[in-house]
Amino acid sequence: MNGLLRPDLLAGRAALVTGGGSGIGLGIARALAAHGARVALLGRRADRLVEAAACIERETGRTAIATPADVREPEAVAAAVRTCLERFGRLDVLVNAAAGNFLAPAAAISPNGFRAVMDIDARGTWHASRAVFDAWMRDHGGVILNVSATLHHGATPMQAHASAAKAAVDSLTRSLALEWGPFGVRVVGLAPGPVEDTEGLARLVPEPIRERFRRVIPMRRFGRIDEIATLATFLVSDAAALVTGTTLVADGGARLAGRTLGLES
Ligand code: COA
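Residues numbered from 1 in each chain as written. Predicted model: local features only at pLDDT ≥ 70, side-chain atom pairs only at ≥ 80, totals over all residues. Heavy atoms only, no water.

K.L.:
Which residues make up the site of the ligand, and what values go with them?
P.N.:
Close to the ligand lie 16 residues, the nearest being Arg44, Arg72, Asn101, Ser110 and Arg203. Between Arg44 and the ligand, the recorded distance is 2.6 Å, taken from a side-chain N or O atom to an oxygen atom. Elements with a contribution of two residues or more to the shell around the ligand: helix 4 (111-140) and helix 6 (199-204). The element contributing the most residues to the shell around the ligand is helix 4, with four residues. Its residues placed into classes, the shell around the ligand shows six nonpolar, six polar and four charged. (Near = heavy atom within 4 Å. Polar contact = N/O pair within 3.5 Å; in protein donor to acceptor, adjacent residues only side chain to side chain. Helix = DSSP H or I, 4+ residues; strand = E, 2+ residues; numbered from the N terminus. Nonpolar A, V, L, I, M, F, W, Y, C, P; charged D, E, K, R; others polar.)

K.L.:
Explain the sheet that holds strand 2 (residues 38-42) to me, and be specific about the residues and the numbers.
P.N.:
On the basis of which strands lie adjacent, the open sheet formed by seven strands has the order 3-2-1-4-5-6-7 and parallel pairing. Two strands lie at the open edges of the sheet, namely strand 3 (64-66) and strand 7 (247-250), each paired on one side alone. Recorded for the sheet is a direction-independent mean angle of 20° between the axes of neighbouring strands. Contacts from helix 2 (residues 46-60) reach strand 2 and strand 3, with the element oriented near 175° to strand 3. Lying over the sheet, helix 4 contacts strand 1 (14-18), strand 4 (93-96), strand 5 (142-147) and strand 6 (185-192), oriented at roughly 175° with respect to strand 4. (Pairing = 2+ DSSP bridges. Axes fitted to C-alpha atoms, helices over the stretch in contact; angles between N-to-C directions. Contact = heavy atoms within 4.5 Å.)

K.L.:
Could you give me a rundown of the packing of aromatic side chains, with the residues and numbers involved?
P.N.:
With the rule as written, the count across this model stands at three aromatic pairs. Pairing Phe133 with Trp180 gives two aromatic rings, centres 3.9 Å apart and planes at 5°, and the pair type is stacked. Taken together, the positions of Phe133 in helix 4 and Trp180 in helix 5 (residues 160-180) put the pair 47 residues apart, joining distant regions of the chain. By relative accessible area, Phe133 is classed as buried at 3%. Taken together, a centroid distance of 5.7 Å and an interplanar angle of 45° make the contact between Phe213 and Phe222 tilted. Across this residue pair, the class does not change: Phe213 and Phe222 are buried. What links up through ring pairs into an aromatic cluster is the set Phe133, Trp180 and Phe183. (Phe/Tyr/Trp six-rings, centres within 6.5 Å; stacked < 30°, edge-to-face > 60°. Buried < 20%, exposed > 50% of the residue type's maximum accessible area, 1.4 Å probe, protein only.)

Here you go:
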């Protein structure tokens, strides 16, 4: 890892990362392990999770396990949480990073398309949060980190479904922080802007407009997965013990540069 945070920051902790098989979720899982946590990766594709877990173990020497499940299925998520508790004996951190998205004008999104994205992002976050709270955090406390976005801070073309879903996720961050704070549970959000080497960037910012978009971002660049992962590590650590119910934007100022991702011209 990049060495910006103390390598034992999360020593002794156990974490479950949804969407942990690739992209930002995998980056966060790697960072949590590099800072001392044991990690479980939850996602739909078992083969990818097993490979990613082996890679994390090789890289960090920490235990990493695959817990295949679709976040849209509450029973499967609850079973994955039980597996984590059997393997780790505890579950201090949940990262809700599973997300689904595609570019489509509102008039072209089918009922099933809208539902798929709402189901993965919003209901998936709900299912995993409830499963972890019910099975562990209600009695032992912990931290839930919801990976959000900035799409819905204003409005973003071709993103009506994902914007609605991430607005719901941010709302859950606040509601669960309010209700579960007394149980010693912090609930925080992290909202990346465009991040290099992610499926999100590939899907949402088509190559022809990528350079133009980069040029209007105040920091003149997209984020990197390791930068988002470092912030996630900080937010779930005791260094952020007073932070709850809020979502940190990490976008190099991209949201200030116009709402559009450059898609309108
Ligand atoms: N434009 C319009 N509608 C689309 C679409 C697109 N580009 N891509 C998918 N859909 C619609 C499908 O047509 C389908 O609706 P229909 O049954 O009315 O035809 C609906 O979305 C569900 O698609 P399907 O592929 O069956 O669902 P899935 O559960 O396998 O996949 C998605 C869920 C659609 C979110 C898929 O993009 C996905 O799995 N993404 C995960 C990874 C990801 O998106 N990462 C980036 C995060 S930023």
